[in-house]
Amino acid sequence: MSDSTLMIRLAEEEDDDFILEQVPRFTEFTLPPWRRRHECIEGIRNDLLRHLEDQPPNSYLFVAEDTNGERAGFIHLQRTTDFFTGRSNCHVSDIAVAPSHEGRGVGKLLLAHAEAWASEHQCQLVTLAVFPGNERARALYEAAGYATDLLRLAKPVR
């Protein structure tokens with residue numbers, strides 16, 4: 001499969017199960033020691049459910065599918081306001097590729113879609129956050145030209 005065999009479209013209600021099935025993918029790497037896998041999965045799942053059910057303004061879910069209608073991945077974009085400039089940004093809140101479609105350019109295509117969407121909506125930046133241990137995603141983002149903007153540090157308080 002190549003990028004050209006995939007189509008990206010707005011998510012529909014029939015996509016909810018597929019999107020939620022991908023949530024464990026967000027924790028398939030070494031997490032910071034203070035993060036619990038089940039808590040991360042539950043938090044991401046609840047956030048996605050809220051966006052799927054309530055469809056808040058400035059929240060957009062897209063699904064990539066092949067010519068047979070098989071879903072290959074999804075991306076969740078949120079239009080945000082830049083703290084420093086007050087201009088619009090496009091934040092990649094979630095991006096996941098189905099295991100059966102890994103290594104086929106789906107993630108790259110979804111990122112390109114985010115960038116095109118951001119350009120079309122006059123956004124200044126495309127932003128995203130990634131766990132340090134998610135080396136595969138970090139490599140994809142860096143290869144696509146993403147660089148560190150801010151670092152978020154954390155320390156558990158006991």
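Up top you'll find the structure we're talking about.
Bear in mind the structure is a predicted one, so any value in this text is a computation, not a measurement.

Draft legend 1. Looking closely at the nonpolar core. Ile75, Leu77, Cys90, Val92, Ile95 and Val106 are the most contacted members of the largest nonpolar core, which has 22 residues in total. Among the secondary structure elements, those contributing two or more residues to this core are strand 2 (59-66), strand 3 (71-81), strand 4 (88-97), helix 3 (106-120) and helix 4 (135-143). Of all the elements, helix 3 adds the most residues to this core, at seven residues. Excluding residues that lie within four positions of it along the chain, Leu77 makes contacts with Asn58, Ser59, Tyr60, Phe62, Cys90, His91, Val92, Ala114 and Trp117.

Draft legend 2. Spotlight on the side chain of Thr27. When you line up the elements, Thr27 lands in the loop between helix 1 (16-21) and helix 2 (37-54). Under the relative-accessibility criterion, Thr27 is labelled buried at 3%. Setting aside chain neighbours within four positions, we find Thr27 in contact with Arg37, Cys40 and Ile41.

Draft legend 3. How the structure looks around the sheet that holds strand 1 (residues 6-10). Read from one edge of the open sheet, five strands run 1-2-3-4-5, paired in mixed fashion. Looking at which strands have only one partner, the edges of the open sheet turn out to be strand 1 and strand 5 (125-128). On average, each strand axis in the sheet is tilted by 30° relative to the strand beside it, whichever way the strands run. Pairing between strand 4 and strand 5: four bridges, direction parallel. Bridge pairing links Cys90 to Val126 in strand 5.

Draft legend 4. Geometry of the layout of surface pockets. The volume enclosed by the second largest pocket comes to roughly 240 Å³. Around the second largest pocket, the lining residues are Leu10, Ala11, Glu12, Glu13, Asp16, His51, Leu52, Gln55, Pro56, Ser59, Tyr60 and Leu61. Within the residue set of the lining of the second largest pocket, elements represented by two or more residues are helix 2 and strand 2. The leading source of residues in the lining of the second largest pocket is strand 2, at three residues. When its residues are assigned to classes, the lining of the second largest pocket shows six nonpolar, three polar and three charged.

Draft legend 5. Geometry of the environment of Glu120. For Glu120, the location among the structural elements is in helix 3. Sequence separation between Glu120 and Ile44 is 76 residues, and the spatial gap between their C-alpha atoms is 27 Å.

Cut-offs used in this document
Residues numbered from 1 in each chain as written. Predicted model: local features only at pLDDT ≥ 70, side-chain atom pairs only at ≥ 80, totals over all residues. Heavy atoms only, no water. Core = buried A, V, L, I, M, F, W, Y, C linked by side-chain atoms within 4.5 Å. Buried < 20%, exposed > 50% of the residue type's maximum accessible area, 1.4 Å probe, protein only. Helix = DSSP H or I, 4+ residues; strand = E, 2+ residues; numbered from the N terminus. Contact = heavy atoms within 4.5 Å. Pairing = 2+ DSSP bridges. Axes fitted to C-alpha atoms, helices over the stretch in contact; angles between N-to-C directions. 1 Å grid on protein atoms, 1.4 Å probe; cavity = no way out; pocket = protein on both sides within 12 Å on 5 of 7 lines; lining within 4 Å. Points joined across faces, edges and corners; volume = space filled by probe spheres on them. Nonpolar A, V, L, I, M, F, W, Y, C, P; charged D, E, K, R; others polar.

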